[in-house]
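Results of the structural survey
Residues per chain are reported as follows:
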Amino acid sequence: MTCSLEKARPANSRTIRRRDCPNPPAIVVPPHLFAFLIIALFTFLAPACVNSQPTSSREPVEINFWNYFGIGVPPGKAVKELVEEFNRTHAHIRVNRLDVPLMERKFLTAVAGGVPPEVAIFDRFRVASFAARGAFEPLDEYIERDGIREDDFFAPCWQESKYDNRMYALPFNTDVRVLFYNNRLFREAGLDPDRPPRTWKELIEYSDKLTKRDARGRITQVGFVPVSASPKSTVGNWGNTWLYLYGWQKGGEYISPDGKEVTPNHPKVVEALQWVTDFTTRYGLNDLKALSSGFGLRELTPFLTGQMAMTGDEGYLMSIIRHYNPDLDYSVAPLPYPEDGVRATWSGGFALVIPAGARRREEAWEFIKWIIAPKQQAFYAKMAEQMPANVKATEDPYFSQDKNWQVFLSEMKYSRYRPVTPVGSQLWDELERATELAVEGRMTPKAALDRAKNVVQKELDDFLKRQEYPKLNWAIVRSFFLTVAAIVLIAWTLSVRRRLRGMRLLRTEAKSGYLFISPWLIGFAIFVIGPILLAILYSFCHYEVVLPARWCGLDNYRKLFTDDIHFAKCLYNTAFYTAFSVPLGMATALGLALLLNRPVKRIAFFRTIFYLPSVVPIIASAVLWMWIFNPNFGILNALLKKVGLYPLLTALVGQKTLLWLTSEPLAKPALILMSLWAIGPMMVIYLAGLQGIPQHLYEAAQIDGASAFRQFRNVTLPMLSPTIFFTMVMGTIASFQVFTQAYIMTGGGPVDATLFYVLYLFRNAFEYFKMGYASAMAWILFIIIFILTMIQVKLAPRWVHYEAEVK
């Protein structure tokens, strides 16, 4: 038998003998290839060898811990100290703390991607929503094994950590709403600080006595306002009570005992909202808005500045007072309740969870068990200046010997907790929206709450019946997409071969070209085409990121056009914004370009000045414009008063004060006006277009006696029409995607006046987890933009003139 592998052996080469030949010839391996094989072998085998050895007892197991609180606030500092103490006392476990404020969206992404932390501090209110979607590991087995008792915690904290009769979290801290009141203002009004109001009737009487106006009738101090803080709030940052409190005090409920029906329109809740509306509007809604416009962050609440005599809030307000106004003379008392109602308040707080898919659950549980113990809870509560969820921790002298903390602790037996439901976020938002609609006078309290019931119940029904839809069969999906990709690839290959038939040199060059751009093509297919195809697919599914996608056909599109009452509103808001911001921006940019196209001294400096605002980060611009629009201190109102336009505008909108961001008629115009801040790039484009117009055309027009206006109309505009067409198309596309301004400055309010399309899409995707629904919205937006662009392209030949065009 002859072996075909016999070759001459080069010098300085290594020889490997094959054993499958009778006389195995030498396989010659060059030195550099042999070295490469040794390195590759070591690379692949070394980790396996290392991992196969037992872990040293001195090496701790590392777990990742996501902390909700930033290190710059007392709760964050307290958590940092606790983690360091745990690492000192537990040599076998090391906790790696990562501060992740507002972690919900990042958390869901981490769980879906299979890389969650081992443990996290989570908003207890959202535990049910995430647990219903499979984002947490149930803790019942650990709780039963290690003897953790329900009685160790305050009842609202324990119950809010459950979903579907299973524990998905352990309470970490808590709060409870009480009445804060300013002793000095009480004495100035002739009221006894030792006798705070106890009923709703007394609360109104006290509030009237504590409310003051200046000589012009403007409110300078208010007694109490029962509307709470929110970026979307109609009347500002007045406290932390919400409609939940007043509905419970009247005896109302927000969800049925079986959790299958939401009841925001409960008759007692309707009565409560009517009371809130009457109380708020008795002082003049616009007057309250004007007073609240300068409050801003919670550290600037009117209670701290002495502009509000009473407020409903939780214990952390004491920490804020201690840091920002330590000389404030205040007391706390139980919240007043109606004469025909019940004594009630409510609690929130945070809990510790183990995410689904966490790898080191035993170590995570050991950390949770340690940090919820009374000693650690008391340490955290004192340093963070918050209430612990562990009952025994409140026996610490810090709480037992403080008269204010004793009021908070005594109120825990009357405390309620927000409904445990998968649609908790939607219920919260719709209750806030109903309050806003009622207070603004857009709807009666009954109609507003009926509307809220209709919206949230549909969401709950959709969630509960999601099991009726079949799971998406990924094998069929993959086969379909691979088949389509193969057909496209074959068709494209045959097309290229047909075009290059008989051109051997070009075929060789084409192969080399495609080979060189193949990394980009692969990346484009995976990271661009792939997500686009998935978005199309998910638009026909019920998909909530963590749960498996379920095929629902056209159900998402049907709901958008028939059931979703917010869809038409957000579409109208976006169309209104586009209709005014695009023409106004184009006209302003063109006007600036005409001014900056003149041959004057230091023209480069002025061009830079006008362009600079466009490079300012949009977040910084939003904060800046919030102060510009401030009705009391803003430069815009001051400028309008200076030029004499202020009385005309106030009469036009029917307001004593121009409330740019908190009144429905002015909110959208305010954001349209703000859009002019970033017209720098458009101005540069127009400037380039102007400088490309041949000068001889103007000279010919001047010889013919054309005025400056006729030159602009008959020379500049026709020659600039391609540039105008480009900016119009791009401006329309950009304006339909407006998001950041509304998200930061108004939150979509007031009364949904700035609820733009992309903002509503964002809420559905990242607040309500309705990724399939959001995908359908995204494709509808694409179709709208595509149609508008095609209309513009179709109409362009009628008015767009190109220099080299022959008609």
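Residues numbered from 1 in each chain as written. Predicted model: local features only at pLDDT ≥ 70, side-chain atom pairs only at ≥ 80, totals over all residues. Heavy atoms only, no water.

1. Thoughts on the sheet that holds strand β13 (residues 310–313)
The line we're drawing: Pairing between strands requires that DSSP locate at least two bridges from one strand to the other. Runs of H or I in DSSP of at least four residues are treated as helices and runs of E of at least two as strands, each being numbered from the N terminus. The axes used here are C-alpha line fits, helices contributing only the stretch in contact, and every angle between their N-to-C directions lies in the interval 0 to 180 degrees.
Spatial strand order, β13-β10-β14: three strands in an open sheet with antiparallel pairing. Each having just a single partner strand, β13 and β14 (330–333) make up the two edges of the open sheet. When strand polarity is set aside, the average angle formed by the axes of neighbouring strands in this sheet is 25°. As paired elements, strand β10 (residues 178–182) and β13 share four bridges and run antiparallel to each other. Paired with Leu-179 across the two strands is Gly-312, which belongs to β13.

2. Overview of the pattern of salt bridges
Our working rule: What counts as a salt bridge is simple: a side-chain nitrogen of Lys or Arg found within 4 Å of a carboxyl oxygen of Asp or Glu.
By the definition in use, this model includes 43 salt bridges. With its nearest N and O atoms 2.7 Å apart, the salt bridge here joins Glu-85 to Arg-88. Separated by three residues within a single helix, Glu-85 and Arg-88 lie in helix α2 (residues 74–89), roughly one turn from each other. Between Asp-140 and Arg-166 there is a salt bridge, and its shortest N-O distance comes to 3.7 Å. Highlighted residues: Asp-140 in helix α5 (residues 140–145) and Arg-166 in strand β7 (residues 166–167), separated in sequence by 26 residues. What you see here is one network of salt bridges that share partners, running through Lys-458, Asp-462, Asp-555, Arg-558, Lys-559 and Asp-563.

3. Re the nonpolar core
Selection rule: What we call a nonpolar core is a set of buried Ala, Val, Leu, Ile, Met, Phe, Trp, Tyr and Cys residues that are connected through their side-chain atoms within 4.5 Å. In this scheme, a residue with accessible area under 20% of its type's maximum is buried, one over 50% is exposed, and one in between is partly exposed, where area comes from a 1.4 Å probe on protein chains only. Whether two residues touch is decided by their heavy atoms; if any such pair falls within 4.5 Å, the residues are in contact.
In terms of nonpolar packing, the biggest core is built from 134 residues, with Phe-107, Phe-136, Leu-170 and Phe-180 touching the most fellow members. Looking at this core element by element, the count peaks at nine residues for helix α34 (residues 771–799). Ignoring anything within four residues of it in the chain, the contact list for Phe-136 reads Phe-107, Phe-122, Val-127, Phe-130, Ala-131, Tyr-168, Val-353, Ile-354, Pro-355 and Ala-356. Counting residues in each nonpolar core, the second largest holds 58 residues, with Trp-200, Leu-245, Ala-272 and Trp-275 among its members.

4. Side note on a positive patch on the surface
As a reminder, the rule being used: The patches reported here contain residues having more than 30% relative accessible area and no salt bridge. Joining distances are 9 Å for like charges and 5 Å for nonpolar side chains (Val, Leu, Ile, Met, Phe, Trp, Tyr). Each accessible area value is a Shrake-Rupley result obtained with a 1.4 Å probe; residue values ignore everything except the protein chains displayed when judging cover. Just so you know, the count uses Lys and Arg for positive and Asp and Glu for negative, and it drops His and the chain ends. Just so you know, the charge point we use is NZ for Lys, CZ for Arg, CG for Asp and CD for Glu.
Together, Arg-497, Arg-498, Arg-499, Arg-501, Arg-504, Arg-507 and Lys-511 make up a region of like positive charge exposed at the surface. Of all the secondary-structure elements, those providing two or more residues to the positive patch are α20 (474–499) and α21 (504–538). Secondary-structure assignment places Arg-507 in helix α21. Residue Arg-507 is classed as partly exposed on the basis of its relative accessible area, which comes to 31%.

5. Observations regarding the packing of aromatic side chains
When we look at a pair of aromatic rings, we describe it by the centre distance and by the angle of the planes. Rule in force here: Any two of the Phe, Tyr and Trp rings considered here, Trp counted by its six-membered ring, make a pair once their centres fall within 6.5 Å; the pair's planes then place it as stacked at under 30 degrees, edge-to-face at over 60, or tilted in between.
Enumeration over the complete set of coordinates arrives at 63 aromatic pairs. With centroids separated by 6.2 Å and ring planes inclined at 75°, the aromatic side chains of Phe-180 and Phe-303 adopt a geometry described as edge-to-face. Of this pair, Phe-180 sits in strand β10 while Phe-303 sits in helix α12 (residues 302–305); the two residues are 123 residues apart in sequence, bridging distant segments of the chain. Overall, Phe-180 belongs to the buried group, its relative accessible area being 0%. Ring centres 6.3 Å apart and planes at 75° place the aromatic pair Trp-474 and Tyr-538 in the edge-to-face group. Of this pair, Trp-474 sits in helix α20 while Tyr-538 sits in helix α21, and the two are 64 residues apart along the sequence. Aromatic ring contacts, followed pair by pair, group Phe-125, Trp-242, Tyr-244, Trp-248, Tyr-254, Trp-346 and Trp-428 into a single cluster.

6. Remarks on the confidence of the model for the protein
The following threshold applies: Residue-level confidence of the predictor, termed pLDDT, takes values from 0 up to 100.
A residue-level look at the protein finds 90% of positions with pLDDT of 70 or above and a mean pLDDT of 88. The low-confidence segment residues 1–56 (pLDDT under 50) makes 33 contacts with residues lying over four places distant or belonging to another chain.

7. Quick notes on the state of the cysteines
Note the threshold: The disulfide definition used here is simple: a pair of cysteine sulfur atoms within 2.5 Å.
Scanning the entire structure with this criterion turns up zero disulfides. Note on Cys-541: no disulfide assigned, nearest cysteine sulfur contributed by Cys-552 at a separation of 6.2 Å. The exposure class of Cys-541 is buried, given its relative accessible area of 0%. The class for Cys-552 is buried, based on a relative accessible area of 10%.

8. Points about the sheet that holds strand β5 (residues 119–123)
Taken together, five strands build an open sheet; the order of strands is β4-β3-β5-β16-β8 and the sheet is mixed. Edge positions in the sheet fall to β4 (93–99) and β8 (170–171), since each of these pairs with one other strand and no more. Summarising the sheet, β8 and strand β16 (residues 350–353) pair through two bridges and their orientation is antiparallel. Across the sheet, the residue bridging to Leu-170 is Leu-352, located in β16. Sheet strands touched by α2: β3 (61–67), β4 and β5. Its angle to β4, the strand with the most contacts, is close to 165°.

9. A few points about unusual backbone geometry
The residue after Gly-749, namely Pro-750, is reached through a cis peptide bond having omega -5°. Here Pro-750 is to be found in the loop between α32 (740–745) and α33 (757–766). Positioned with a positive phi, Val-545 is a non-glycine residue whose angle comes to about 70°. Despite not being glycine, Asp-752 shows a phi value in the positive range, around 65°. Looking at the element boundaries, Asp-752 is found in the loop between α32 and α33. A relative accessible area of 8% places Asp-752 in the buried class.

10. Some details on the pairing of β16
Within a regular beta strand, the side chains point alternately toward one face of the sheet and then the other, so they alternate between its two faces. Residues of β16 alternate between two faces, with Phe-350 and Leu-352 on one and Ala-351 and Val-353 on the opposite face, all of them buried. Strand direction decides the pairing type here: β5 and β16, joined by four bridges, are antiparallel. Within β16, the position partnered with Phe-122 by the bridge is Ala-351.

11. Side note on the side chain of Thr-732
Defined as follows: Counting of polar contacts relies on pairs of N or O atoms within 3.5 Å, with two restrictions inside protein: one atom must be capable of donating a hydrogen and the other of accepting it, and residues adjacent in sequence are counted only when both atoms are side-chain atoms.
Position of Thr-732 among the secondary structure elements: in helix α31 (residues 708–735). Under the relative-accessibility criterion, Thr-732 is labelled buried at 11%. Polar contacts involving the side chain of Thr-732 include one to the side chain of Gln-792, which spans 3.3 Å. Among residues more than four places away in sequence, those in contact with Thr-732 are Thr-578, Val-582, Leu-788 and Gln-792.

12. A look at the environment of Glu-544
Relative to the helices and strands, Glu-544 resides in the loop between β19 (541–542) and β20 (550–551). Taking the relative accessible area as the measure of exposure, Glu-544 reaches 12% and is therefore buried. Leave out the neighbours within four places in its chain, and Glu-544 touches Arg-133, Phe-463, Arg-466 and Phe-769. A polar contact of 3.3 Å, which involves the side chain of Glu-544, links it to the side chain of Arg-133.

13. Description of the packing of α2 against helix α15 (residues 374–384)
In a packed pair of helices, the relevant descriptors are the angle between the two axes and the axis-to-axis distance. Applied cut-off: Each crossing gets its hand from how the near helix is turned against the far one by less than a right angle, where anticlockwise is left-handed and clockwise is right-handed. Think of it as three bins: nonpolar holds Ala, Val, Leu, Ile, Met, Phe, Trp, Tyr, Cys and Pro, charged holds Asp, Glu, Lys and Arg, and polar takes everything else, Gly as well.
Viewed as axis vectors pointing N to C, α2 and α15 meet at an angle of 145°, and their least axial separation amounts to 8 Å. Considering how the two elements wind past one another, α2 and α15 form a crossing that is right-handed. Contacts between α2 and α15 pair Pro-74, Pro-75, Lys-77, Ala-78, Val-79, Glu-81 and Leu-82 from the former with Gln-376, Phe-379, Tyr-380, Met-383 and Ala-384 from the latter. Split into classes, the residues belonging to the contact of α2 with α15 amount to nine nonpolar, one polar and two charged.

14. Looking at helix α23 (residues 565–596)
Where we set the bar: The span expected for a helix works out to 1.5 Å for each residue beyond the first.
Between its terminal C-alpha atoms α23 stretches 47 Å, which fits the 46 Å expected from 32 residues at 1.5 Å a residue. Two to three positions downstream of the cap, the backbone nitrogen of His-566 sits 2.9 Å from a side-chain oxygen, assigning the N-cap of α23 to Asp-564.

15. Some remarks on the packing of helix α9 (residues 242–249) against helix α10 (residues 267–281)
Inclusion rule: Any angle that falls under 35 degrees is termed roughly parallel, while one over 145 is termed roughly antiparallel, one within 65 to 115 roughly perpendicular, and all others oblique.
Where α9 contacts α10, the two axes come as close as 8 Å, and the packing angle between them is 120°. Taken as axis vectors, α9 and α10 run oblique relative to one another. Pair α9 / α10 crosses with right-handed handedness. When α9 is examined against α10, the residues Leu-243, Tyr-246 and Gly-247 are found in contact with a partner set consisting of Val-269, Ala-272, Leu-273, Trp-275 and Val-276. Within the contact of α9 with α10, the residues separate by chemical class into seven nonpolar, one polar and no charged.

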